[in-house]
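Residue strings, one per chain:
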Amino acid sequence: MNSRTLLQIAVDHGSPVYVYNSEKIVSQYKRLTNAFNKVKQVKINYAVKALSNVSVLKLMNSLGSGLDTVSIQEVKLGMLAGFSPENIIYTPNGVSLEEIEHAASLGVQINIDNLSILEQFGTKFPKTPVCIRINPHVMAGGNTNISVGHIDSKFGISIHQIPHILRIVENTKMNINGIHMHTGSDILDIDVFLYASEILFETAKNFSDLEFIDFGSGFKVPYKEGDIETNIEEFGKKLSKRFNEFCKEYGKDLTLAFEPGKFLVSEAGYFLTKVNVVKQTTSTVFAQIDSGFNHLIRPMLYGSQHEIINISNPKGRERFYSVVGYICETDTFANNRRINEITEGDILAFKNAGAYCYSMASNYNSRYRPAEVLWHDGKAHLIRKRETFDDILKNQVEIAL
Ligand SMILES: *Cc1c(COP(=O)(O)O)cnc(C)c1O
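Residues numbered from 1 in each chain as written. Predicted model: local features only at pLDDT ≥ 70, side-chain atom pairs only at ≥ 80, totals over all residues. Heavy atoms only, no water.

Would you explain the packing of helix α5 (residues 97–106) against helix α6 (residues 115–124) in this entry?
Two quantities define a packed helix pair, namely the angle between the axes and the distance from one axis to the other. Following both chains from N to C, one finds α5 and α6 inclined at 45 degrees, their axes separated by 11 Å at the closest point. The angle between the axes of α5 and α6 places the two elements in the oblique class. Regarding α5 and α6, the two cross each other, and that crossing is right-handed. Residues Leu97, Ile100, Glu101 and Ala104 of α5 pack against Ile117, Gln120, Phe121 and Lys124 of α6. Each residue belonging to the contact of α5 with α6 can be placed in one class, and the counts come to five nonpolar, one polar and two charged. (Axes fitted to C-alpha atoms, helices over the stretch in contact; angles between N-to-C directions. Helix = DSSP H or I, 4+ residues; strand = E, 2+ residues; numbered from the N terminus. Parallel < 35°, antiparallel > 145°, perpendicular 65-115°, else oblique. Left-handed = near helix turned anticlockwise from the far one by under 90°. Contact = heavy atoms within 4.5 Å. Nonpolar A, V, L, I, M, F, W, Y, C, P; charged D, E, K, R; others polar.)

Shown next as structure tokens:
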């Protein structure tokens, strides 16, 4: 999307505002399915938690995507957006048996990630097909915040516990129809991923009634210049070949499933904010925007570096800025960043604002969550209104004091 279009959206819808370009979502979806076109049955289940606006989910549905959900509320959002339950996989972590039963009663694919629930669920509902989330203990990336496959991770059932899984399955006669892993949020190295896949194939051989193998996600997208991104085309070629070989060995065409979040929506998103104050200090120039980690927490939570452009002055000379927010907390979005000269009132656009941005927003400092706009077919569609004071008060109960 160009600066002029984005600027017009900020004028029409105010700031701060999230904007998503549907064209980019569609092209990423196609890139992924094309990369695996040598596999007979491929299923993309979009990870709802990345960006859960119902209109975005409807777009995913129109593409033929399924959904990966982590809460009963995400399941309900998906069904509201028109997904049939068979196209939804439910992959919770540490939720109650009651919630899992609720999801199962709606007819979605259940994915279980601990032995306790596996035994309880299998005993109660031996006929309901269940997928098992395995932890292959493979480190993906170096940041422990986003590596969920390593030995101390809370996610998945350890591959060292396969004998215990098998004992539960045998005792309950439950129906295991899928094997799943989700190693972490960044695949930096294809070989590491392929190595984890081999572990999954080995595990799969223990189950005779599988319908699918779910490789989770972790596709890396570039955030700043020089970032490496997962080479989807090369990855698709290599994994497809191995997957097809495995299906032959297994004696059945299984479905290859993925559940990307970031890959599909990250680059489609822009977060537009207005500069309230340009503040010179003895050591730097701060550009203070009408936002904070209440709207975009990834830079503070994960150290993510979102590229920031001054769309009000895209040709201005470049200067160094520290971009910070307006909440009473250290909320630094960028340090010593080279940005086209900023004047108070300018609109700054954060790139890669599609995934884990709005969905992690809060009302901290009693601020409103921003509006969301979908740029679709050459038009800006408001898909979520900016909150109002009523939203802040909505569930508060005033007592007589
Ligand atoms: C969050 C999550 C995903 C999506 O991860 P991305 O890095 O956004 O692609 C996929 N599967 C599961 C189980 C998840 O929790």
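Would you mind showing me how to read helix α7 (residues 162–172) here?
Because an α-helix packs 3.6 residues into every turn, residues spaced three or four apart end up facing the same way. Along α7, the residues that are buried comprise Ile162, Ile165, Ile168, Val169 and Thr172. Projection of α7 onto a plane perpendicular to its axis shows the buried side chains occupying an angular sector of 120 degrees, all on one side. For α7, the exposed residues set more than 90 degrees away from the buried face come down to Pro163, Arg167, Glu170 and Asn171. Buried-residue contacts for α7 involve α6, β6 (130–135), β7 (157–158), β8 (176–180) and α8 (190–204). Of the residues trailing α7, lysine 173 is marked for its positive phi of about 60 degrees. (Buried < 20%, exposed > 50% of the residue type's maximum accessible area, 1.4 Å probe, protein only. Arc of directions from axis to C-beta.)

Explain the layout of surface pockets to me, please; I cannot follow it from the model alone.
To locate leftover empty space, one rolls a probe as large as a water molecule over the atoms. Within this model, the second largest pocket holds a volume of roughly 380 Å³. Lining the second largest pocket are 15 residues, and of these Tyr358, Arg369, Arg384, Glu387 and Asp391 lie nearest its centre. Looking at side-chain class alone, the lining of the second largest pocket contains three nonpolar, five polar and seven charged residues. (1 Å grid on protein atoms, 1.4 Å probe; cavity = no way out; pocket = protein on both sides within 12 Å on 5 of 7 lines; lining within 4 Å. Points joined across faces, edges and corners; volume = space filled by probe spheres on them.)

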